[in-house]
Amino acid sequence: MTTVFEPEIIYVTKSEYKEGWGFKEHFHDYYQLITVCLGICTVTINGENHLLFEGCSALIGKNVPHSLLTEKNERCIVVDIKFLLHKGEERLNGFLGIHATPGGFIGSMDYIASEAVNKQPLFKEIIDCRLTELLMILTRPREAALLYSPAEVYSYELSGIA
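Residues numbered from 1 in each chain as written. Predicted model: local features only at pLDDT ≥ 70, side-chain atom pairs only at ≥ 80, totals over all residues. Heavy atoms only, no water.

## So, the overall build of the chain
Counting its regular elements, the chain contains five helices and nine strands. Listed N to C, the secondary structure of the chain is β-β-β-β-β-β-β-β-α-β-α-α-α-α in terms of helices and strands. Burial analysis of the chain (162 residues in total) assigns 40% to the buried set. Nonlocal contacts in the chain, meaning residues at least 24 apart in sequence, comprise 79% of its contacts between residues at least 6 apart. Accessible area of the chain: about 9600 Å², with a carbon and sulfur share of 56%. (Helix = DSSP H or I, 4+ residues; strand = E, 2+ residues; numbered from the N terminus. Buried < 20%, exposed > 50% of the residue type's maximum accessible area, 1.4 Å probe, protein only. Contact = heavy atoms within 4.5 Å. Areas by Shrake-Rupley, 256 points an atom, 1.4 Å probe, with all protein chains shown as cover.)

## Quick word on the environment of glycine 22
Among the structural elements, glycine 22 can be located in strand β2 (residues 22–26). Put simply, glycine 22 and serine 67 are 45 residues apart on the chain and 7.5 Å apart in space, counted from C-alpha to C-alpha. In this view, glycine 22 contacts Tyr17, Leu68 and Leu69; residues no more than four positions away in its chain are not counted.

## Some thoughts on the packing of aromatic side chains
What the rule picks out here adds up to two aromatic pairs. Seen in terms of ring centroids, tyrosine 31 and phenylalanine 83 are 5.6 Å apart; in terms of plane orientation they differ by 20°. Their pairing is stacked. Here tyrosine 31 is found in strand β3 (residues 31–38), whereas its partner phenylalanine 83 is found in strand β8 (residues 76–85), with 52 residues between them in sequence. By relative accessible area, tyrosine 31 is classed as buried at 1%. Over the ring of tryptophan 21 we find lysine 18; its NZ or CZ atom is 5.8 Å from the centre of that ring. Between arginine 130 and the ring centre of tyrosine 111, over which it is positioned, the NZ or CZ distance is 4.2 Å. (Phe/Tyr/Trp six-rings, centres within 6.5 Å; stacked < 30°, edge-to-face > 60°. Lys NZ or Arg CZ within 6 Å of the ring centre and 35° of its normal.)

## Details of the environment of asparagine 63
Here asparagine 63 shows up in the loop between β6 (56–60) and β7 (66–70). According to the relative accessible area criterion, asparagine 63 is partly exposed, its value standing at 46%. Separated by 37 residues in sequence, asparagine 63 and histidine 26 place their C-alpha atoms 8.7 Å apart. Ignoring sequence-local partners within four residues, the contact set of asparagine 63 consists of Phe27, His28 and Asp29.

## Brief notes about the pairing of β6
Burial analysis of β6 places five of its five residues in the buried class, which makes it a mostly covered element. In β6, alternate side chains face the same way, and those of Cys56, Ala58 and Ile60 on one face and Ser57 and Leu59 on the other are all buried.

Here is the structure:
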C-alpha cells in the first residue's frame, strides 16, 4: 500500500475560546489544521480574514502568518493539530486554505484530540493514521469526491465481495 502522506504530529489540542479570545498573529515551520467544533471564529491567514463556522477547517501552510479570534458574544471550540510532513508536501500545498468539511470530520478531529490526551499504547500511530485519512479527504479532487454518492460507493464495494 502506498501512502500519500506521512505526517509527524507535533501538537494536538482541543480548546475553548471565550468571546474575544484567540491567538495573535504568528507563524511556524510546520503545518496546522484547525477545525471548528462549536461556535464561530475569524481566522486570518496571510492578512485575509475568513469566518469559520462549525464544521469548517483551516489548513495552514508552513511559515504562513495566521491568527484566530472568536466573534462577539460567541464562544468557540476548536481542535488544533500541528504537524510536519515527511511525504506529500507538494500535494498538500495545493489545498491550503479554508474547507467546509464533510460529515464525520469533527468526530475524527475529536478522536485525535482524545487519543492525544489519553496516550494509550500506539496513540501516536493511531493519530498519524487518522490525520493521514483527513488530509486525503481534504485533498481529494472535487470531481472524484462528487462522482458517487456514499450509498453507491458502499453498494459497489459490497458487490465486489465474493
